[in-house]
Each structure stands twice: as C-alpha cells, then as structure tokens.
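Chain by chain, the residues run as shown.
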Amino acid sequence: MLKTWSIFKREVASYFLSPIAYVMGAVFLLLSGYFFSIILLATHSASMQGVFGNMAVTFIFVAPVLTMRLIAEERKLGTDELLMTAPVSITSIVVGKYLASVFTYLVFLAVTLFYPAILMFYGSPDMGPIFSGYLGMFLFGAACLAAGTFASALTENQMVAGVVGFGVLLLFWILGWVSAAVTGPVGDAISLLSILKHFDDFQKGIIDLSHTLFYVSFIFVFLFLAVRVIDSRRWSA
Amino acid sequence: MIEVSNLTKTYGKARGIEDLTFSVERGEILGFLGPNGAGKTTTMRIITGYLTANSGTVKVAGYDVFEDPMEARRRIGYLPENPPLYREMTVKAYLHFVCELKGIPKSRRAACTAEAVEAAGLAPVYGRVIQNISRGFKQRVGIAQALLGDPDVLILDEPTVGLDPRQIIEIRELVRSLGGRHTVVLSSHILPEVSMVCGRVVIINNGRLAAIDTPEGLSRRLRGSRCFMVRIRGPHEEVPPKVSELAGVRSISVEKVDFQDGKPEVLLSVETEVSLDVREALFFKMAELGWPILEMRPVDLSLEDVFLKLTTEEKLEDVVEVAASA
C-alpha cells in the first residue's frame, strides 16, 4: 500500500515533468471547451447533457495517449528491472501507475468545472444531472485508462501500446452499435458491453448501480489482465 | 549466502542455462565469467527474481527466491546491465524513490542514502538531473541504488561495461571495497577484471558451468597443465604406476577399473605439463609392455574454448589498461 503510494507519486511527477500531460490536457480541454460553447450557443439551455457525451468520446482518443507510456517505457528503458526485483508486488506497481493516470485525468476534469460555474453564474442549471454526469465522466474515464494501462503492459513500444489501447476502446465503443444490426437477446447482450452505453444514464441524472458496477468491473478486469501479462513475462523472456 | 542448485532456464527451444549449481559464501566476491551470451545475465535475473526458472532452486540468505520472493528481494541489491534510472529525476529524488521501494523506514532513509552516496562517490552530482550526468556517474547511481538499505547480497551485472579506463579502475576499487561487508556476485566477460577483484570465479559457457576455482587455480589449470583420458587393457595394479613414471606426467587418477571379455581394463585421467606431449611416449611404453591403448581423448576442451574467447578480450583490455596508466 505504501509502495503503491510511492509509485503513484513518482508517476504523477513524471506526468507533469513531461509534455504529455500538458499536451493531452490542452487537447482535451480545447475540444470540450469547444463542445461546451457550441452546444450552449445552439441550445441556450443551462445544462451539460450533450457536453458530457462529447467529452467522453473525446477522452476515448486521449486516454490511450495518457497511458501508453506507463509500463511500456519501463521495459524499454530497463527500469522495470528495478521495480520487479524490489520487494514490491506487481499489483502495487500496476495500481500505482494506473492511479497516477487517473489522477492526471481528474486534474483535467477539475479544470472543466469551469463550465458548470459559468452556467451557475449566468443561469440556474439543474445540479443533479451535472453531479451525476461528473461521476459518470470519472467512472468512464477511469475505465478507459484501465484498458490503456493493459495495452501498455503488452509491449515495450509506446506507439504500439497507444494504438492497441485505442483499438480496444474503439471496439468497446462500437459494440453499442451492434444492437442496431443484430436484433434479439444476442444483440442486447453484446451492446451491454459498450462503454458509452452505460454512460447515457449518468448524463440524464440517473446514478444506476448496474452502470457503476459495469465500470468498476471493467477496471478490475483490465488491471488484472495487466498484472497477469507482466507476471507471465517472467516465465518467457 | 547464495545457493544455486540445478538451475535450468529455457527460452522456447533455445537453451538459456542448464543445470547450474554453485554457492557463494558470506562476504565473498564471486566473479561470474563467460563470453557474451553465455547466460550470465539470465542467471543473475533469476537470482534477483526478475525471471523465473524452469527447474532448480535459488536460495538467498536462506530464503527461496521462488517460494519467498519478497523476503529474498529485501536482502538483494541489484545493478542490472543497464542501470535502471529514471532520466528526468534528480539523483536525490531517485535514491529517495528507491528507498521507498525497498521499504526502508523513514527514520533510516537519510542515513542509508548518505552512506550509499558516500560509498559510490556521488556527492558531486547529488542534486543534478540524471540525464545530464556522465556515463560513469550514472553507473555509480546504479551502484548506489543497489547499496541502499545495506543488503546482504549485491548482484552486479557487468558494472564496468561502457566506462572509460579511469572509471573502470574506480568502479573496480569500489567493488573490491564492498567485499566482506556484502556478499558480491559480479559478472564480467573480462578475465583480468575478475581475477583482480574476485576471490573465486565461476565460468559459464553456453549456459553450462565450465569451472569454479580461485583466479590463481584457474590460471594454473590454464597454463600449467593439459589433461586427457586414456583407456588401457592391462593389469589393474600395474598400469597406473607405469603411466605415472613417464616424464611430463604430473598426476594421474584412476577413473574406472573393470573387465571386458574377461580382460582387465583401466581408465585413467592423466594431467601433464603443457610443454611436453607425453602421448607418444605413453604409446611406446605401453606397446613395449604389451598393454594396448584402447582409447585416448583430450578433456576440458570446453574450458579451453571459453578461455580462448576470454583471453582475446583480455588483450584488448590490456591495451586499454596500458593507455590508462600512460
């Protein structure tokens, strides 16, 4: 636990010492700011409903870039030999690194609190959907970052990790479209795996336990897979 | 302090190391010598827990590295072939991070770090960012990192590779000073380096153990003698003394005596002077006595092979040494 904290601290420092966090933060905030302004101008309503959906889609592109470095770079530079031979479990390493990416994402999200502040200043928005929307954004983003962390564990090439992470997220996004093509229970079951589908209710102001559980299990599964991948490498190479 | 027994590791079909057995005593500096690709790094990675083995066991300070990895790792300081450094951190921040990883309690961190910095001679670069310091200092940061927490065992994988001659000498001095207090395993592909620093040498080649001896013993074995096996059909008691009285024979040992088709046979291992080939004399002597030689073959060829590879590097190294002292 203490060691997870050490790894977390080092990783956060590394995020904010390198340009990655700033560049990706700028891209994410630029796009979400654009969506916020355009939607506000078009609808003239003090709500964030459409904005959250667009921010979530944007983050599908941002997340793999944030996480691609996490584990791949350690292997490339050989620093994994330090971590893997220290009295630290692989789970602590993966969780510490993952939480650092989540923290960075939370910093981005914190900046977007500016938008509801503007709405509150000039209007009287319904705060319920905004709270639940932020909770949804947090869970959704954390899930994306878990998939990205897993992708980063697969390879020592950051670029490959980024592309694979993006591929995984894209797949889980478009699974939601299957229900249009495949009707019946099979289509429904597949579309239940879509990461964006579970986000819809949060924007509308509904906090549903099943959606929350979906994201939590999504995170758990991918972090577990990342740990397994790293552990299995000790046997092969 | 370290016990490696019957260790085998394969990569797919390729053999990494095979049936490696050796042990290291407390306070000893053991050299791990072999040509590139012999399996030195693989062995060290298994001892430190970075890799697992297919079979065999490794015990560090009594803890099995596979069964009890955390306890074993707490007692090991490891410098991989490429020092595992985060380039964007300062030396200070990096060593602090390693202290935390190793679980050194807060109260002891300052003292531990100061000790390691002192031992590795890092004071001049302590506050600097790692990517801006020289290769030699990076290597020292790697060594300081391994020393943190005063581990019983230090595993150093080629600590002098890629350094300039003056740095090589400094690092060797440093390693030598670590013996006694720490048990050190040091790998190298340079023979004189190992004989300068280490009390005992393990030579591996193609993943197999080729020899374990003191540096002096190894050079004696290398320069002083040659060994072959000979099978002679003749009386068990009479053959060995007759062979040992030949000029140039240093020692003989009887490997096996038996009867084939009712006739006595002796298998001898014969150690001789390098300068004198006794095989011809042996042939005529045995012919004279009427005891046929059934088989004669040289042994220890693999060790000679290893030395050939190592000694070619030694010459290069000697040039460097001369250049350094000039």
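Residues numbered from 1 in each chain as written. Chains lettered and ligands numbered in written order. Predicted model: local features only at pLDDT ≥ 70, side-chain atom pairs only at ≥ 80, totals over all residues.

**Description of the overall build of chain B**
Within chain B one finds 11 helices and 14 strands. Here chain B holds 326 residues, and the buried ones make up 38% of them. If you take every contact in chain B between residues at least 6 apart in sequence, the share linking residues at least 24 apart comes to 70%. (Helix = DSSP H or I, 4+ residues; strand = E, 2+ residues; numbered from the N terminus. Buried ≥ 20, exposed ≤ 12 C-beta atoms within 10 Å, placed from the backbone. Contact = placed C-beta atoms within 7 Å.)

**What to know about unusual backbone geometry**
All names here are of chain B. Backbone geometry at D19 places phi at a positive 50 degrees, although glycine is not the residue there. Mapping D19 onto the fold places it in strand β2 (residues 14-24). Of the residues examined, D19 has 13 C-beta atoms within 10 Å and is grouped as partly exposed. Phi is positive for D150, close to 50 degrees, though the residue is something other than glycine.

**Quick word on the confidence of the model for chain B**
All names here are of chain B. Overall, the predicted model of chain B reaches an average pLDDT of 84, with 88% of residues at or above 70. Across residues 313-319 the pLDDT falls below 50, and counting only partners more than four positions away or on other chains, this stretch makes seven contacts in the model. This prediction of the complex comes with two scores: 0.81 for pTM and 0.88 for ipTM. (pLDDT = per-residue confidence, 0-100.)

**Some details on the nonpolar core**
Where a protein is soluble and globular, its nonpolar side chains tend to be buried together. The biggest cluster of nonpolar side chains holds 134 residues, and the ones touching the most others in it are A143 and A146 of chain A together with A144 of chain B. Residue contributions to this core peak at 13 residues, all from helix α8 (residues 127-154) of chain A. Excluding residues within four positions of it along the chain, A146 of chain A makes contact with Y98, F218, I219, F222 and L223 of chain A. Judged by nonpolar contacts, the second largest core, of 10 residues, contains V239, V266, L282 and M286 of chain B. (Core = buried A, V, L, I, M, F, W, Y, C linked by C-beta atoms within 7 Å.)

**Points about the domain arrangement of chain B**
Per the domain assignment, the segments of chain B are domain 1 (2-219) and domain 2 (225-298). Just the C-alpha atoms count here: the centres of domain 1 of chain B and domain 2 of chain B sit 45 Å apart. (Domains from an automatic or database assignment.)

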